Amino acid sequence: MTKAFHGAKAAVFIGEQILLYRRDAHVRWGNMWDMPGGGREGDETPKACLAREVFEEFGLDIADAVELWAQAFPAMADEGQVGWFFVVQFPGETELQIRFGDEGQDWRLFSIKDAIALPDLIAPLRDRLNQWLRQRGHGGG
């Protein structure tokens with residue numbers, strides 16, 4: 001898993017709800033709902049990249065989460081590269097530990113159904129979430 005890759009994103013569940021944040025207006029996919037994660041720094045592994053991003057963006061330690069799924073996909077920012085998508089779950093009380101960083105406008109917890117139905121959820125993330133749901137036998141949106 002240490003081969004070259006562009007970055008890592010995750011569907012981060014807090015209990016049964018998914019954590020999303022609204023991107024800043026001036027960046028790619030501005031004002032859209034996004035999932036935690038971002039670009040690789042140095043020689044990080046996909047999981048180390050995700051851990052750093054989740055901590056920077058929300059103050060959460062990924063070591064406290066259960067990894068439910070990990071899959072490589074074409075990177076969202078450059079489909080010629082690989083990006084990793086994880087599904088992780090924190091206990092419900094983790095919501096009280098969230099410390100929103102300086103990227104993005106705000107954050108919210110959504111039910112999985114409401115998140116998938118958001119018209120302004122970044123499309124490749126919706127697709128990855130739906131693929132995970134289908135593999136679990138839960139359909140998808």
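Below or above, wherever it landed, is the structure these notes cover. (Residues numbered from 1 in each chain as written. Predicted model: local features only at pLDDT ≥ 70, side-chain atom pairs only at ≥ 80, totals over all residues. Heavy atoms only, no water.)

Turning our eyes to something else, we now look at the nonpolar core. Judged by nonpolar contacts, the single largest core of 21 residues is most densely connected at Ala11, Ile18, Leu20, Met35 and Phe85. Elements represented by at least two residues in this core include exactly β1 (7-14), β2 (17-22), β5 (66-74), β6 (82-90), α2 (112-117) and α3 (123-135). The element that contributes the greatest number of residues to this core is α3, accounting for 4 residues. Setting aside residues up to four positions removed in sequence, Ala11 forms contacts with Ile18, Met35, Phe85, Phe86, Val87, Val88 and Leu129. In this structure, Ala10, Tyr21, Cys49 and Val88 belong to the second largest nonpolar core, which totals 20 residues. (Core = buried A, V, L, I, M, F, W, Y, C linked by side-chain atoms within 4.5 Å. Buried < 20%, exposed > 50% of the residue type's maximum accessible area, 1.4 Å probe, protein only. Helix = DSSP H or I, 4+ residues; strand = E, 2+ residues; numbered from the N terminus. Contact = heavy atoms within 4.5 Å.)

Bringing the pattern of salt bridges into the picture now. Within the structure shown, the criterion is met by 8 salt bridges. A salt bridge links Arg23 to Asp34, with the shortest nitrogen-to-oxygen separation between them at 2.7 Å. You can see Arg23 sitting in the loop between β2 and β3 (33-34) and its partner Asp34 sitting in strand β3, a full 11 residues away along the chain. You can call Asp34 buried: its relative accessible area is 0%. Here Arg52 and Glu56 are joined by a salt bridge, their closest N and O atoms 3.4 Å apart. With a gap of 4 residues between them, Arg52 and Glu56 both fall in helix α1 (residues 46-58), about one helical turn apart. (Salt bridge = Lys/Arg side-chain N within 4 Å of Asp/Glu carboxyl O.)

Right, let's talk about the packing of aromatic side chains for a bit. Geometrically, a pair of aromatic rings is defined through the distance of the ring centres and the angle of the planes. Under the criterion given, the structure shown has 8 aromatic pairs. Measuring from centroid to centroid gives 6.0 Å for Tyr21 and Phe58, while their planes differ by 65°, and the two rings are edge-to-face. Of this pair, Tyr21 sits in strand β2 while Phe58 is found in helix α1, placing the two residues 37 residues apart along the sequence. On the basis of relative accessible area, Tyr21 is assigned to the buried category, the value being 4%. The class for Phe58 is buried, based on a relative accessible area of 0%. Both rings, one in Trp69 and one in Phe85, keep their centres 6.3 Å apart while their planes meet at 75°; by these two values the pair is edge-to-face. Of the two residues, Trp69 is situated in strand β5 and Phe85 in strand β6; the sequence distance between them amounts to 16 residues. Each residue in the set Tyr21, Phe58 and Phe100 is aromatic and connected to the rest through ring pairs, giving one cluster. Geometry around Trp29 places Arg28 over its ring, the cationic atom sitting 4.2 Å from the centre. (Phe/Tyr/Trp six-rings, centres within 6.5 Å; stacked < 30°, edge-to-face > 60°. Lys NZ or Arg CZ within 6 Å of the ring centre and 35° of its normal.)

By the element assignment, Arg22 lies in strand β2. At 2.4 Å, the side chain of Arg22 and the backbone oxygen of Asn31 are in polar contact. Not counting residues within four places of it along the chain, the set of residues in contact with Arg22 comprises Asn31, Met32, Trp33, Gly104, Gln105, Asp106 and Asp120. (Polar contact = N/O pair within 3.5 Å; in protein donor to acceptor, adjacent residues only side chain to side chain.)

Counted residue by residue, β1 has 8 buried out of 8 residues, so it is predominantly covered. Alternating residues of β1 divide into Gly7, Lys9, Ala11 and Phe13 and Ala8, Ala10, Val12 and Ile14, and every residue in both groups is buried. Pairing between β1 and strand β4 (residues 37-39): 3 bridges, direction antiparallel. Among the inter-strand pairings, Gly7 is bridged to a residue of β4, identified as Gly39. Both β1 and β6 contribute to a ladder of 8 bridges, which runs parallel. Bridged to Lys9 within β6 is Phe85. Pairing of β1 with β2 involves 3 bridges; the strand directions are antiparallel. Bridged to Ile14 within β2 is Gln17. Where β1 folds back on β2, the antiparallel hairpin that results is connected by 2 residues, among which Gly15 adopts a positive phi of roughly 65°. (Pairing = 2+ DSSP bridges.)

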